[in-house]
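Now for the letters of each chain:
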Amino acid sequence: QVQLVESGGGSVEAGGSLNLSCASSGRSFSSYGVAWFRQAPEKERECVASVSRSGDSTYYGDSVKGRFTISRDNVKTMVYLAMNMLEPEDSAVYYCAAGTHAAVLAKHSDYAAYWGQGTQVTVSS
């Protein structure tokens, strides 16, 4: 069993930065790839980034490439999402999710075995 808790959301002006964290409990954290998804009102959920179990492979959605960075610390059982040059279009609830294979998880959110409760990110223009 893995429990995920996101933190770090908030309100920021366009061009600003936020750092999201996803804390995991459970001994099997390093057995899972982890992804950050986001969902804005009336929009489909999208994967913004994922990281493999070891942390050596990452994926980024086209809309965030060059602006967001995902990382993980398997000792601390944490996953991070550094978000820079934020745009109003980045406003959404951000969720972290865990699944066996990060590459599959990035393409198919239904593959996630565990989800966090989400954290709100609001970017004003």
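Just so you know, these numbers come straight off a predicted model, no measurement behind them.

1. Examining the state of the cysteines
Step number 1: Considering all chains together, one arrives at one disulfide under this definition.
Step number 2: Bridging C22 to C96, the disulfide has an S-S length of 2.0 Å. For the disulfide bridge between C22 and C96, the dihedral angle about the S-S bond is near 60°, and by the sign convention the bridge is right-handed. Taken together, the residues C22 in strand β3 (residues 18-25) and C96 in strand β9 (residues 92-99) connect sequence positions 74 residues apart. Note on accessibility: C22 and C96 belong to one class, buried.
Step number 3: The cysteine C47 is free of any disulfide, with C96 supplying the nearest cysteine sulfur at 12 Å.
Step number 4: The exposure class assigned to C47 is buried, which follows from its relative accessible area of 9%.

2. Brief notes about the packing of aromatic side chains
Step number 1: This model, assessed by the stated rule, comprises three aromatic pairs.
Step number 2: Relative to W115, the ring of F37 has its centre 5.0 Å away and its plane inclined at 50°; by these criteria the two rings are tilted. Of this pair, F37 sits in strand β4 (residues 33-39) while W115 is found in strand β10 (residues 114-115), placing the two residues 78 residues apart along the sequence.
Step number 3: Relative accessible area serves as the criterion here: at 31%, W115 is assigned to the partly exposed category.
Step number 4: Members of the aromatic cluster, connected to one another through ring pairs, are F37, Y95 and W115.
Step number 5: Directly above the aromatic system of F29 lies the positively charged group of R72, at a separation of 4.5 Å from the ring centroid.

3. Regarding the sheet that holds strand β1 (residues 3-7)
By definition, the strands of a sheet pair up through backbone hydrogen bonds, in either a parallel or an antiparallel sense.
Step number 1: With antiparallel pairing, the four strands of this open sheet are ordered in space as β1-β3-β8-β7. One side of each edge strand has no neighbouring strand; the edge strands of this open sheet are β1 and β7 (68-73). Averaged over all adjacent pairs, the angle separating strand axes in this sheet is 15°, with direction ignored.
Step number 2: Relative to β3, β1 runs antiparallel, the two being bridged by five bridges. Note that in β3 the partner of Q3 across the bridge is S25.

Cut-offs used in this document
- Residues numbered from 1 in each chain as written.
- Predicted model: local features only at pLDDT ≥ 70, side-chain atom pairs only at ≥ 80, totals over all residues.
- Heavy atoms only, no water.
- Disulfide = S-S within 2.5 Å.
- Helix = DSSP H or I, 4+ residues; strand = E, 2+ residues; numbered from the N terminus.
- Buried < 20%, exposed > 50% of the residue type's maximum accessible area, 1.4 Å probe, protein only.
- Phe/Tyr/Trp six-rings, centres within 6.5 Å; stacked < 30°, edge-to-face > 60°.
- Lys NZ or Arg CZ within 6 Å of the ring centre and 35° of its normal.
- Pairing = 2+ DSSP bridges.
- Axes fitted to C-alpha atoms, helices over the stretch in contact; angles between N-to-C directions.

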